[in-house]
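For reference, the chains in residue letters:
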Amino acid sequence: MNGGYVNPPRIPRQFRDPYADWWDKQERRNYGEPVHEDNDILGMMSPHYYTHFTSGMEFFCVGVFIAAFLGVVGVVRMTYPDKPAVDRGFEGGLDRELGGEGTIHARTEDGID
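Since the structure is predicted, the reported quantities are computational estimates derived from the model, not experimental observations.

### As for the overall build of the protein chain
Across its full length, the protein chain carries two helices and zero strands. Here the C-alpha radius of gyration of the protein chain, 37 Å, is well above what a compact globule of 113 residues would show, namely 13 Å. Seen along its three principal axes, the alpha-carbon backbone of the protein chain occupies a region of about 100 × 45 × 25 Å. In the protein chain, which comprises 113 residues, the share counted as buried stands at 13%. A fraction of 45% describes how many contacts in the protein chain between residues 6 or more apart in sequence connect residues 24 or more apart. Surface accessibility of the protein chain: about 10,500 Å² in total, with carbon and sulfur atoms responsible for 59%. Once the 11 positive and 18 negative side-chain charges of the protein chain are each reduced to a mean point, those two points are 8 Å apart.

Following this line, the structure appears as structure tokens:
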């Protein structure tokens, strides 16, 4: 009791019957009805409570999504081709052509090889 004010039970307005004969249809309250001190939290314009699933069902749905996603990734990985071409091989490798031992190096700005 807050100075003699009767505080109604803490029940969000979204759980009240939407088809009842309310004086204020949007807020689902009658004229003269006491307002809870947390009316801004319990009113119709506050965020809704999602009671569609239990916690166990929510974790199950997330698990099914993750399993389906990883299943699709696995199928794509198994069926996706590796490379469109075959690696090319050279006899003796390309050591000399790519600047290995026995190659003539390009001249530098100093003129020193």
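There's plenty left to go through after this.
### What about the packing of aromatic side chains?
Applying the stated rule across the entire model yields two aromatic pairs. Taking 5.1 Å as the distance between ring centres and 65° as the angle between the ring planes, the aromatic pair formed by W23 and Y31 counts as edge-to-face. On the numbers, 6.4 Å between centres and 20° between planes, the contact of F65 with F69 is stacked. Taken together, the residues span about one helical turn, with F65 and F69 both in helix α2 (residues 55-79) at a distance of four residues.

Reading the values: rules and limits
Residues numbered from 1 in each chain as written. Predicted model: local features only at pLDDT ≥ 70, side-chain atom pairs only at ≥ 80, totals over all residues. Heavy atoms only, no water. Helix = DSSP H or I, 4+ residues; strand = E, 2+ residues; numbered from the N terminus. Rg over C-alpha atoms; globule rule 2.2 N^0.38 Å. Buried < 20%, exposed > 50% of the residue type's maximum accessible area, 1.4 Å probe, protein only. Contact = heavy atoms within 4.5 Å. Areas by Shrake-Rupley, 256 points an atom, 1.4 Å probe, with all protein chains shown as cover. Lys, Arg positive; Asp, Glu negative; His and termini not counted. Charge placed at Lys NZ, Arg CZ, Asp CG, Glu CD. Phe/Tyr/Trp six-rings, centres within 6.5 Å; stacked < 30°, edge-to-face > 60°.

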